[in-house]
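Observations on the model geometry
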Amino acid sequence: MTCYVSSGCEGVKMSPSLFNFVDARDKFTASARHSLVGKSSKPLVSVFNQFPGNEVEKKTTLDQALRGVLGDQIRKATCDEYLSLIYLSIDAVTEGICSPTTPFLLLGDVLDCLPLDQCDKIFSFVEENVSTWKSNSFYTAGKNYLLRMCNDLLRRLSKSQNTVFCGRIQLFLARLFPLSEKSGLNLQSQFNLENVTVFNKNEQESTFGQKVKKGRWERRMLLHRGNSIPIDYNLYRKFWTLQDYFRNPVQCYDKFSWMTFLKFSEETLAVFKSYKLDDMQVSKRKLEELRASGGEHVYFAKFLTSEKLMDLQLSDSNFRRHILLQYLILFQYLKGQVKFKSSGCVLNDDQTTWIEETTKLVFQLLKEIPPDGDKFATMVEHILNTEENWNDWKNEGCSSFVKERYDDKPKRPTRKRQAPEDFLGKGPDSKIFMGNDELTRLWNLNHDNMEACKSDSRSFMPSLDEFFAEAIEQADPTNMVEEEYKAVRNPNYGWRALRLLSRRSPHFFQPTNQKFKSLADYLDSMVSKLAKELPDIPSEEIKTGEEDDDDNGDNLLKDSNDSPGIQSKTVSNQQMDDIAAKLGAQWKTLASHLEMKAAELREIETDSEDIDMQAKLLLVAWQDREGSQATVESLVAALGAAGFSEIADNLSDNNSRR
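Attention here is on the structure that accompanies the text. Owing to the predicted nature of the structure, the values given are computational and were not obtained by experimental measurement. (Residues numbered from 1 in each chain as written. Predicted model: local features only at pLDDT ≥ 70, side-chain atom pairs only at ≥ 80, totals over all residues. Heavy atoms only, no water.)

Attention now goes to the overall build of the protein chain. Counting its secondary structure elements, the protein chain contains 30 helices and two strands. By the burial criterion, 34% of the 658 residues in the protein chain qualify as buried. Intrachain contacts of the protein chain at a sequence separation of at least 6 include 69% that bridge at least 24 residues. When the accessible surface of the protein chain is totalled, it reaches about 42,900 Å², and 50% of it is carbon and sulfur. (Helix = DSSP H or I, 4+ residues; strand = E, 2+ residues; numbered from the N terminus. Buried < 20%, exposed > 50% of the residue type's maximum accessible area, 1.4 Å probe, protein only. Contact = heavy atoms within 4.5 Å. Areas by Shrake-Rupley, 256 points an atom, 1.4 Å probe, with all protein chains shown as cover.)

This part is about the pattern of salt bridges. What the rule picks out here adds up to 17 salt bridges. One salt bridge in this structure joins Lys-486 and Glu-483, with 2.9 Å as the shortest N-O distance. The salt bridge partner of Asp-521 is Arg-489, with a shortest N-O separation of 4.0 Å. Of this pair, Asp-521 sits in helix 22 (residues 519-533) while Arg-489 sits in the loop between helix 20 (464-475) and helix 21 (491-504), placing them 32 residues apart in sequence. Judged by its relative accessible area of 28%, Asp-521 falls in the partly exposed class. (Salt bridge = Lys/Arg side-chain N within 4 Å of Asp/Glu carboxyl O.)

Among the nonpolar cores identified, the biggest contains 52 residues, and Ile-122, Val-126, Trp-133 and Phe-172 are the most heavily contacted of them. Among the elements that take part in this core, helix 4 (residues 79-95) stands out by supplying nine residues, more than any other. Residues contacting Val-126, with those up to four places away along its chain left out, are Leu-107, Trp-133, Leu-146, Met-149 and Phe-172. The next biggest cluster of nonpolar side chains, apart from the first, holds 44 residues, and it includes Leu-242, Leu-262, Leu-334 and Ile-355. (Core = buried A, V, L, I, M, F, W, Y, C linked by side-chain atoms within 4.5 Å.)

With that out of the way, let us pick up helix 20. Relative to the 16 Å expected for twelve residues at 1.5 Å per residue, helix 20 spans 16 Å between its end C-alpha atoms, a close match to the ideal helical length. Within helix 20 the residues assigned to the buried category are Leu-464, Phe-467, Phe-468, Ala-471, Ile-472 and Gln-474. Seen end-on, helix 20 carries its buried residues on one side only, within an arc spanning 160°. Exposed residues pointing more than 90 degrees away from the buried face of helix 20 are listed as Glu-466 and Glu-473. (Expected span 1.5 Å × (residues − 1). Arc of directions from axis to C-beta.)

Relative to each other, helix 12 (residues 255-274) and helix 16 (residues 349-368) sit at 20°, their axes nearing to 12 Å. Relative to helix 16, the element helix 12 lies roughly parallel. Crossing geometry of helix 12 relative to helix 16 is assigned as left-handed. In contact with Trp-258, Phe-261, Leu-262, Ser-265, Glu-266, Leu-269, Phe-272 and Lys-273 of helix 12, helix 16 contributes Gln-351, Trp-354, Ile-355, Thr-358, Leu-361 and Leu-365. (Axes fitted to C-alpha atoms, helices over the stretch in contact; angles between N-to-C directions. Parallel < 35°, antiparallel > 145°, perpendicular 65-115°, else oblique. Left-handed = near helix turned anticlockwise from the far one by under 90°.)

What follows concerns the packing of helix 21 against helix 22. Two numbers describe how helix 21 lies on helix 22: the axes approach to 11 Å, and their chain directions differ by 45°. It follows from the interaxial angle that helix 21 and helix 22 lie oblique. As for the relative orientation of helix 21 and helix 22, their crossing is left-handed in sense. Across the interface between the two elements, Gly-494, Trp-495, Ala-497, Leu-498 and Leu-501 from helix 21 touch Leu-519, Tyr-522, Leu-523, Met-526 and Leu-530 from helix 22. By residue class, the composition of the contact of helix 21 with helix 22 is nine nonpolar, one polar and no charged. (Nonpolar A, V, L, I, M, F, W, Y, C, P; charged D, E, K, R; others polar.)

Once that is clear, we can look at the packing of aromatic side chains. Overall, the coordinates contain 33 aromatic pairs when judged by the stated rule. Ring geometry for Phe-104 versus Trp-133: centroids 5.2 Å apart, planes at 55°, classification tilted. Of this pair, Phe-104 sits in helix 5 (residues 102-113) while Trp-133 sits in helix 7 (residues 130-133), and the two are 29 residues apart along the sequence. Across this residue pair, the class does not change: Phe-104 and Trp-133 are buried. Seen from the ring of Phe-376, Arg-321 lies directly overhead, with NZ or CZ sitting 4.3 Å from the centre. In this structure, Lys-341 packs its charged tip against the face of Tyr-333, placed 4.6 Å from the ring centre. (Phe/Tyr/Trp six-rings, centres within 6.5 Å; stacked < 30°, edge-to-face > 60°. Lys NZ or Arg CZ within 6 Å of the ring centre and 35° of its normal.)

What follows is the structure in structure tokens.
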């Protein structure tokens, strides 16, 4: 036990006692059972409030207590007792003494332990309380639990035997989640390919054509003996094969599958046109008898594909409506604009025409089916039009249906207050006050601030010789500056140098084939070029920096000063442009005399498709490789050796005139 003793030893302050989980769980369990007997949550709320401890700890303990009570009830309690416990947990959440997820955990435990017939009754309770689940106290905490619970139920149910129960679950989820909930949407327009219609595909096992005794089945089979289209195995096979196209409509985009579908559909619809249905009055009388007897319509999840039922099915109005409605749904998908359709899913003109004509025929057949054929056809058309809007909504990304509220009341026009004259600069001193003395002084230095910004004193861009003076000086080998301490190695300096070169130097945009490993290497090259152009800078010393002997550098400098002839002049950019234009497509002839490699020629052809530009890139690559040795004299010699004597003479004459 930890205690704190005051300086005067006047007393001892003891720490609070630890939360007793076992004692709390036992008390909460007993109180929960007492509340179930009295059908009131007040005893449980009273015990919860009186028990000492942290609210979070008490809530967690009560959750365990309620699940413990449910565990004791399993196998010996009725559905009503289960529901009473769940109601108690809902009241506990409302009172704030229980976690919002507890009712859903209890529901999941109950449904996992009960057989399907009792799950039906429990799920009826879930359906009736959908408004409770959608309230703010439960929706966020329980929506994932309800979704998982419903999916577990659907896995246990049979779609063919428990069709109604499966449908109730789907409808409940549709009521629980908003329309914009993408987890419940078929966004990619996928089909249920597992829904395969099984029928007899072996003609040897067919019962058509077999002799039967004069009885009920034979009389039904002989009902339409006078029709021109016989009901045989061939019709049976074609009719039920169409279900595979309704199951997977993408097959219709295949040429051969479409031909099969077209042939089978024409024969099936011809049967619908030729076979007469029951008299309308008889159908109405049967419907009235069914209503009077209190009977209900029966729907089947799967078609009955027995050969003996074929004749009866073709005469049944509900069966015909099912088949014809499948045609309309298929046609709507084939013609519709679905976002996730592949590029190959496109109908040709013949297919589109056939679908339009067949759609009219199907609607006509629907109108002829008793009872209330016209009304049924109109309703189907309306539903399909609504489905088009649904498809458009999915294609647009399923935007929310909830719109933001806005006030329809017209806003009262407000009168804009005029600013004081001294603020606008119209006062006696014509000053514009900025709310601060220093800002006001800066703002009023000039009456026209834009003109002040354009003045020469506002130009802060340095010249090339000022900015690169340090770099050129460091590039001189006599100064013995190590590479790591040169300005060109500084990233900040390199960034500002590129900015300045792009504004002031023509070399920045000159095409080159020379490759640089880093920005510093590129700037070294630019510094060497600038050193030759800028005045009063010993560029020759920089270019001969690799010489170990200073005397050699002095001799080169002396030769350069004493012999300003053709041999010391490098080829200018303008000269290269003129030569490239004259060479044209024959630039490869000169390349061999400039000792260019085949890989360099391929790279030039890759860089540009323009012939003149390829010739220019050849000269640039040669100049980058030779450096100071790329003189006019060398180029004249190469042009002469390549057979371009006229170009060589023009270059030599122009250079002499300079």
